[in-house]
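Geometric and topological summary
Residue-level listing of the chains:
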Amino acid sequence: MSASLQALQSSLETELALVQRFLGILKAEAEALEQPDHSEALNSSTRDKNACIEQLLEAGRSRDDALRELGLDIGRAGLDEAAAAHPFLQDTCVRLFELSQQASQLNAANGAMISTYLKHTQQALHALQPLVGNPGLYDASGRPGQAKGQRKAITAG
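Position labels on residues start from 1 in each chain and follow its written sequence. Only residues with pLDDT of 70 or above have their local features reported here, since the model is predicted, and side-chain atom pairs are shown and tallied only from 80 upward, although totals for entire chains, interfaces and linings are computed over all residues. Side-chain numbers come from the whole structure's heavy atoms, not from hydrogens or water.

1. Description of the pattern of salt bridges
Note on definitions: salt bridges are taken to be side-chain nitrogens of Lys or Arg within 4 Å of carboxyl oxygens of Asp or Glu. Within this structure, the stated rule accounts for eight salt bridges. Between Glu15 and Arg63 there is a salt bridge whose closest N-O contact spans 2.7 Å. With a gap of 48 residues between them, Glu15 in helix H1 (residues 3-33) and Arg63 in helix H2 (residues 39-69) connect regions that are remote in the sequence. Here the two residues Glu15 and Arg63 agree in accessibility, since each one is buried. Between Glu58 and Arg61 there is a salt bridge whose closest N-O contact spans 3.0 Å. On the criterion of helical spacing, the pair formed by Glu58 and Arg61 is a turn pair, its members being three residues apart in helix H2. Throughout this description, buried means an accessible area under 20% of the type-specific maximum (1.4 Å probe, protein chains only), exposed means over 50%, and partly exposed covers the range between. On the accessibility criterion, Glu58 (43% relative accessible area) is partly exposed. We count a stretch as a helix when DSSP gives it H or I for four or more residues in a row; a strand needs E for two or more, and each element gets its number in order from the N terminus.

See below:
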C-alpha cells in the first residue's frame, strides 16, 4: 500500500471518529433541549461542538490532501473513486457518509428546536413590552442608553 493510500485511510479513520464524536455531542444537545433548565448543558454542548467542528475541518483538509496526492477529486466524488478503486476503503467511506448524514439531520432538528425557543421568547418579550413600557436600551457598559440614531430632542427657548 502506498504512503498516499495509507494517509487517506488514516485520515478517513480520524474523520470517522470525529463524526461519531460530533454525533454524540448532538445527541447530548438534543437531550439538553428537552430539559427545562438546559442553559449550562447547551453552553457546554456549544463549546464541544465548536471544538469538534475545528477538528473535523482539519481532518477534511487532510483527507482532501491525501485524495489529491492519489490524483483524485476532493470531497465525496474523490472518496467514491477511492472506494471503487480500493475496496478496503468502502466500509469506512460508507460509514462516514451514513454518520455524516445522521449528524446533519440531527443538527438541523436541534437548530429548528432552538429557533422555536427563540421565537417563543421573542413573542413573550413582545407581549410583555406594553405592560412594562419601553424599558430602554443599554449601552456596552450596561448603562441605560438610547438606540443608535435616536437622540433626545432639544428645544430652544
